[in-house]
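# Report on the structure
One-letter residues, chain by chain:
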Amino acid sequence: MKAFTYQRAASTAQAAEAAIKPGARIIAGGTNLLDLMKLQVETPSALIDINHLPLDKIEETSEGGLRVGALVRNSDLAADLRVRQRYGVLSRALLAGASAQLRNKATTGGNLLQRTRCYYFYDVTKPCNKRDPGSGCAAFAGFNRIHAVLGASDACIATHPSDMAVAMRTLDARVETADRDGERRVIPIADFHRLPGKTPEIETSLRPGEIITAVTLPPPPPGIHVYRKVRDRASYAFALVSVAAIVDVGRGGIRSARLAFGGLAHKPWRVAAAEERLANAPAGTKTSEAAADAVLDGARGHGGNDFKIPLTRRMIRAVLAEITRT
Ligand code: SF4
């Protein structure tokens, strides 16, 4: 591992000031960054430790939601009674991610910023436009079982690995940030993660030195919360496809629905047209097929991941059938 300096930040502004320097990286739980450093994928010259900043609270907001500090651990967020009762989709998504030990260390902010699990990104002997811009993409002609079928580009077909972010996308969470001047920004989670385009190395809309301080959850929409994840083994595996669903069902069928997907794209995938097809529609196969058509519009496999397209369709049908009991 390359030598680096270590600094414990005394304030958010100090952390942001230090983080803006080239080669500096913020560290909190370190559950992803340390792996990347051991493999020489990340070679920071300085680590800025923010674990002692007062960003570890879950607080009620005046609008009836929750404000989750960036340093709240994944296990604490999943176990919080308010989250379990009001944001079941988020609690379930968190518990579907990683292992108990990792959830005890991983933070809310770090979870949003974790890097893709593309095998070639982690192998520094292989070309990867995300790790080494302009070098190429080994995944196109390689083993691409876990890769994207939506929103990808000629430069990169990686997926975002977070379960938590998928649930937050259904909840319309807002990411709060601060910079070294104390300037604060609120970023809708829909705009926080980016599609790869020609610059897959730029993964979020964070500016240099900007630090996540909290994630705000608006009041939960009405409906039944479900998080379903298909993976290659029953625990400690990333999603091949996952779906976070909040569906409000009445006597006449579905009143409203929110669906977001993991494992399909470089960011949590949510399609307004699919939710429009579900709103005020009778429950049943025809409705779920119409929604699946909208979600999968433009989907394209790359050989090893072709199965994700029919799998997503089946997951939509199964989740809606479970919720509407049809
Ligand atoms: Fe790198 Fe993206 Fe290609 Fe994976 S899919 S090798 S992360 S450029």
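All of the points below concern the structure found in this document.

Reading the values: rules and limits
Residues numbered from 1 in each chain as written. Predicted model: local features only at pLDDT ≥ 70, side-chain atom pairs only at ≥ 80, totals over all residues. Heavy atoms only, no water. Helix = DSSP H or I, 4+ residues; strand = E, 2+ residues; numbered from the N terminus. Rg over C-alpha atoms; globule rule 2.2 N^0.38 Å. Buried < 20%, exposed > 50% of the residue type's maximum accessible area, 1.4 Å probe, protein only. Contact = heavy atoms within 4.5 Å. Areas by Shrake-Rupley, 256 points an atom, 1.4 Å probe, with all protein chains shown as cover. Lys, Arg positive; Asp, Glu negative; His and termini not counted. Charge placed at Lys NZ, Arg CZ, Asp CG, Glu CD. Pairing = 2+ DSSP bridges. Axes fitted to C-alpha atoms, helices over the stretch in contact; angles between N-to-C directions. Salt bridge = Lys/Arg side-chain N within 4 Å of Asp/Glu carboxyl O. Polar contact = N/O pair within 3.5 Å; in protein donor to acceptor, adjacent residues only side chain to side chain. Parallel < 35°, antiparallel > 145°, perpendicular 65-115°, else oblique. Left-handed = near helix turned anticlockwise from the far one by under 90°. Nonpolar A, V, L, I, M, F, W, Y, C, P; charged D, E, K, R; others polar. Phe/Tyr/Trp six-rings, centres within 6.5 Å; stacked < 30°, edge-to-face > 60°. Core = buried A, V, L, I, M, F, W, Y, C linked by side-chain atoms within 4.5 Å. Arc of directions from axis to C-beta.

### A few points about the overall build of the protein chain
Along the protein chain, the regular secondary structure elements total twelve helices and eleven strands. Its C-alpha atoms give the protein chain a radius of gyration of 20 Å, within 12% of the compact-globule value 20 Å for 326 residues. Each of the three principal axes of the protein chain carries a C-alpha extent, and together these read 60 × 50 × 35 Å. Within the protein chain, the fraction of its 326 residues that count as buried is 53%. The long-range fraction of contacts in the protein chain, counting pairs at least 24 apart against all pairs at least 6 apart in sequence, stands at 62%. For the protein chain, the exposed surface amounts to about 14400 Å²; the carbon and sulfur share of it is 51%. The averaged location of the 32 negative side-chain charges in the protein chain is 4 Å from the averaged location of its 45 positive side-chain charges.

### Here we look at the sheet that holds strand S11 (residues 253–262)
Overall, antiparallel pairing links the three strands, which are arranged S9-S10-S11 in an open sheet. A strand with exactly one partner marks an edge of an open sheet, and here the two such strands are strand S9 (224–230) and S11. Strand-to-strand twist in this sheet, taken as the mean axis angle between neighbours without regard to direction, amounts to 15 degrees. Running at roughly 20 degrees to S9, helix H5 (residues 88–95) makes contact with S9 and strand S10 (241–250) of the sheet. Each of S9, S10 and S11 touches helix H12 (residues 308–324); the most contacted strand, S10, lies at about 30 degrees to it.

### Notes on the side chain of Arg 103
If you trace the backbone, Arg 103 turns up in helix H6 (residues 100–105). One buried charged side chain, Arg 103, makes no salt bridge at all; its nearest oppositely charged neighbour is Asp 163, positioned 8.1 Å away. In terms of polar contacts, Arg 103 uses its side chain to reach the backbone carbonyl oxygen of Ala 98, at 3.5 Å. Beyond its immediate chain neighbours, meaning those up to four positions away, Arg 103 contacts Arg 73, Asn 74, Ser 75, Leu 94, Leu 95, Gly 97 and Ala 98.

### Side note on the packing of helix H11 (residues 285–295) against H12
Across the interface, H11 lies against H12 with an axial gap of 9 Å and an inter-helix angle of 140 degrees. On the basis of the axis angle, H11 is oblique to H12. Crossing of H11 over H12 shows right-handed handedness. Across the interface between the two elements, Thr 285, Ser 288, Glu 289, Ala 292, Asp 293 and Val 295 from H11 touch Thr 312, Arg 313, Ile 316, Arg 317 and Leu 320 from H12. Classifying every residue of the contact of H11 with H12 gives four nonpolar, three polar and four charged.

### Considering the sheet that holds strand S3 (residues 46–49)
Within a sheet, each strand pairs with its neighbour through backbone hydrogen bonds, oriented either parallel or antiparallel. With respect to topology, three strands assemble into an open sheet ordered S1-S3-S2, the strand pairing being parallel. In the strand order of this sheet, the two ends are held by strand S1 (5–8) and strand S2 (24–27), each with one partner. Between one strand and the next, the sheet's axes are offset by a mean angle of 25 degrees, whatever the strand orientation. Examined bridge by bridge, S1 and S3 share four bridges and lie parallel to one another. Along S3, the bridge assignment pairs Arg 8 with Asp 49.

### Some points on the side chain of Ser 242
Position of Ser 242 relative to the elements: it lies in strand S10. Here the side chain of Ser 242 touches Tyr 227 through a polar contact of 2.9 Å, side chain to side chain. Contacts of Ser 242, omitting those with residues within four sequence positions, involve Asp 163, Val 166, Tyr 227, Arg 228, Lys 229, Ala 260, Phe 261, Gly 262 and Met 315.

### A look at the packing of aromatic side chains
Per the stated rule, a full pass over the model turns up three aromatic pairs. Judged by centre distance (6.0 Å) and plane angle (85 degrees), the rings of Tyr 119 and Tyr 120 are edge-to-face. Aromatic side chains Tyr 119 and Phe 143 sit 5.6 Å apart centroid to centroid with 35 degrees between the ring planes, which places their arrangement in the tilted category. Here Phe 143 lies in the loop between helix H7 (108–113) and helix H8 (164–170) and Tyr 119 lies in the loop between H7 and H8, a separation of 24 residues in the sequence. Tyr 119 gets classed as partly exposed once you look at its relative accessible area, which sits at 30%.

### Examining the nonpolar core
One recurring pattern in soluble globular proteins is that nonpolar side chains are buried together. Among the nonpolar cores identified, the biggest contains 33 residues, and Leu 77, Leu 90, Leu 112, Met 168 and Leu 217 are the most heavily contacted of them. Every element with two or more residues in this core is listed here: strand S5 (66–69), helix H3 (74–79), H5, H8, helix H9 (189–192), strand S8 (211–217) and S10. It is H8 that provides the largest number of residues to this core, a total of five residues. If we skip the residues at most four places from it in the chain, Leu 90 touches Leu 77, Val 83, Met 164, Ala 167, Met 168, Leu 171 and Leu 217. Of all hydrophobic cores here, the second largest spans 28 residues; its members include Val 241, Ala 294, Met 315 and Ile 316.

### Let's talk about the pairing of S8
Sheet faces and side chains relate simply in a regular strand, where the side chains alternate between the two faces. Among the seven residues in S8, seven count as buried, and that is most of the element. Strand direction decides the pairing type here: S5 and S8, joined by four bridges, are antiparallel. By the bridge assignment, Gly 69 is partnered in S8 with Ala 214. Both strand S6 (residues 174–178) and S8 contribute to a ladder of five bridges, which runs antiparallel. The partner of Val 175 across the bridge, within S8, is Val 215.

### What about helix H1 (residues 12–19)?
By the burial criterion, the buried members of H1 are Thr 12, Ala 15, Ala 16, Ala 18 and Ala 19. Projected onto a plane normal to the axis of H1, the buried residues spread over an arc of 165 degrees and lie on a single side. Of the surrounding elements, those touching the buried residues of H1 are S1, S2, S3, S6 and S8.

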